[in-house]
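Residue-level structure breakdown
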Amino acid sequence: MEFDTLLRGFIITITLIVAIGAQNAYILKLGLLRQHVLKAVLFCIFSDILLISAGVLGLGFLIKGEQLFINGIAIFGIAFLCFYAFTSFKSALKNESLKIDDQIKTNPLRQVITLLFVFTYLNPHTYLDTVLLIGGIGANIDESMKIYFIVGCSLASSVWFLSLGFGARLLIPLFKKPITWKVLDISIGFLMLYIAYSLKDLIVL
């Protein structure tokens, strides 16, 4: 029973988080640039554990009824994602952004964590996936089994982000080519715009 609950948490979580969103795209980019990868990955894993645990323990039921809170996050998220999309398109035009080596300028850790904070905690989709969907499922599990469900979710998050962050290095030879890096930046830009567009459906006036 314990293993089945753990496995259920693992499968549900890995299914939801593998979709390439703003947070995943940024971790991939950090992995390719080899910048603050471990710290960024640990931040994402900790955030998932925190939000999923909160959902399993009942926070999802509170957030679900706070439309004003959801509206505020959605509006800010749309504005920020549009801005980040613009910077991604701009980055695709800069020759210096096409290099992946020790000479590339490293972004300050504070800036990296700030961006991850925004992508994680100011993105309504994060709350929908972790707190409401995964947390909602876990909230209906027997109290004695909830810890195993959370452990399964935590393992899935750890496997995914560690693979994404450090596995990106295997793609570095491909991204030595300028055109590949341009495609990534442009793709991230359009992804941000798509996510921003999808957030409009969460706003209820």
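What counts, and where the lines are drawn
Residues numbered from 1 in each chain as written. Predicted model: local features only at pLDDT ≥ 70, side-chain atom pairs only at ≥ 80, totals over all residues. Heavy atoms only, no water. Phe/Tyr/Trp six-rings, centres within 6.5 Å; stacked < 30°, edge-to-face > 60°. Helix = DSSP H or I, 4+ residues; strand = E, 2+ residues; numbered from the N terminus. Buried < 20%, exposed > 50% of the residue type's maximum accessible area, 1.4 Å probe, protein only. Contact = heavy atoms within 4.5 Å.

Right, let's talk about the packing of aromatic side chains for a bit. Counted by the stated rule, this structure contains 8 aromatic pairs. Ring centres of F80 and F119 lie 5.5 Å apart, and the angle between their planes is 70°; this geometry places the pair in the edge-to-face category. Of this pair, F80 sits in helix α5 (residues 67-92) while F119 sits in helix α6 (residues 109-121), and the two are 39 residues apart along the sequence. Take F119: its relative accessible area is 2%, and that puts it in the buried class. One aromatic cluster is present, formed by Y26, F80, Y84 and F119 through successive ring pairs.

Checked against the element boundaries, S157 lands in helix α8 (residues 146-167). Among the residues examined, S157 registers a relative accessible area of 1% and is labelled buried. Residues within four places of S157 in sequence aside, it is in contact with T13, I17, C44, I45 and D48.

For the rest of this paragraph, the subject is the environment of A74. Assignment of secondary structure puts A74 in helix α5. Judged by relative accessible area, which is 0%, A74 ranks as buried. Taking the C-alpha atoms as reference points, A74 and H125, 51 residues apart in sequence, are found 9.0 Å from one another.

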